[in-house]
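Take a look at the letters that make up each chain.
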Amino acid sequence: MTACGASSSSSGSSSSNILNSAPAEAANVYKQSCLQCHGGNLEGRMGKDTNLQTIGDNMTKEEIIDKIHNGGKRMPQVGRSMEEGDIDKVAEWLSTLKSNAAESANEPAA
Ligand code: HEC
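Residues numbered from 1 in each chain as written. Predicted model: local features only at pLDDT ≥ 70, side-chain atom pairs only at ≥ 80, totals over all residues.

The protein chain is annotated in an unreviewed UniProt entry as Cytochrome c551/cytochrome c550 from Paenibacillus aquistagni.

As structure tokens, then:
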């Protein structure tokens, strides 16, 4: 049990749902435009490629914005029906999702 100042201010279950810890606006955008394919916990409903739980490891905010605009092999150009500000919010949030976010223990001790 180390650290994490901002842990439990919200009521609710203890299950670690990523969406619950997202900024409200980003979560709303995600629910409207992305959840149907990427899942209620970002687990991905269309295969491994659609798991976004640690997408910040692989993509920057700019790359995610690009993806939203241009789509992919199977992902449609969802950005076409979205507000630019909303795209920015959801991309900003997604880019912070990293596998080691809670630890940052990559520093060699020297
Ligand atoms: C209609 C389904 C669908 C919707 C809606 C959708 N996506 Fe996707 N998305 C996919 C699929 C399928 C892939 C993986 C294959 C590909 O690139 O086409 C993908 C891939 C991605 C990737 C790259 C993942 C990786 O590891 O390379 C990102 C980032 C992403 N989506 C973000 C979003 C965001 C943000 C939204 C909402 C604004 C969204 N997607 C909406 C289907 C969707």
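Okay, back to it.
J.: So what exactly am I meant to see when it comes to the nonpolar core here?
T.: Counting 13 residues, the largest nonpolar core has Ile64, Val90, Ala91 and Leu94 as the members making the most contacts within it. Among the elements of the structure, helix H1 (24–33), helix H3 (61–70) and helix H4 (84–94) are those that each provide at least two residues to this core. Examining the composition of this core, we find that four residues originate from one element, H4, more than from any other. With sequence-adjacent residues up to four places away left out, Val90 is seen in contact with Ala26, Val29, Tyr30 and Cys34. (Core = buried A, V, L, I, M, F, W, Y, C linked by C-beta atoms within 7 Å. Buried ≥ 20, exposed ≤ 12 C-beta atoms within 10 Å, placed from the backbone. Helix = DSSP H or I, 4+ residues; strand = E, 2+ residues; numbered from the N terminus. Contact = placed C-beta atoms within 7 Å.)

J.: I'm lost on the packing of H1 against H4 in this one. Help?
T.: Helix-helix packing is described using two parameters, namely the angle between the two axes and the distance between the axes. Put simply, H1 and H4 touch, their axes get as near as 8 Å, and they point 105° apart. The orientation of H1 relative to H4 falls into the category roughly perpendicular. Across from Glu25, Ala26, Val29 and Tyr30 in H1, the residues of H4 making contact are Asp86, Lys89, Val90, Glu92 and Trp93. Looking at side-chain class alone, the contact of H1 with H4 contains five nonpolar, no polar and four charged residues. (Axes fitted to C-alpha atoms, helices over the stretch in contact; angles between N-to-C directions. Parallel < 35°, antiparallel > 145°, perpendicular 65-115°, else oblique. Nonpolar A, V, L, I, M, F, W, Y, C, P; charged D, E, K, R; others polar.)

J.: Where do I start with unusual backbone geometry in this structure?
T.: The phi angle of most residues is negative, glycine excepted, and most peptide bonds adopt the trans form. With a phi close to 65°, Leu42 is a non-glycine residue in the positive phi region. Here Leu42 is to be found in the loop between helix H2 (35–38) and H3.

J.: Can you walk me through the site of the ligand in this structure?
T.: Around the ligand sit 23 residues in total, of which Cys34, Cys37, Asp49, Gly72 and Met75 are the nearest. Broken down by secondary-structure element, the contributors of at least two residues to the shell around the ligand are H2, H3 and H4. Per-class residue counts for the shell around the ligand are 13 nonpolar, six polar and four charged. (Near = placed C-beta within 6 Å.)

J.: Explanation requested: the environment of Gln77 in the structure shown.
T.: Topologically, Gln77 is positioned in the loop between H3 and H4. On the basis of neighbour counts, which here come to 13 C-beta atoms within 10 Å, the residue Gln77 falls in the partly exposed class. Between the alpha carbons of Gln77 and Lys67 there is a distance of 7.9 Å; along the sequence they are ten residues apart. Setting aside chain neighbours within four positions, we find Gln77 in contact with His69, Asn70 and Gly71.

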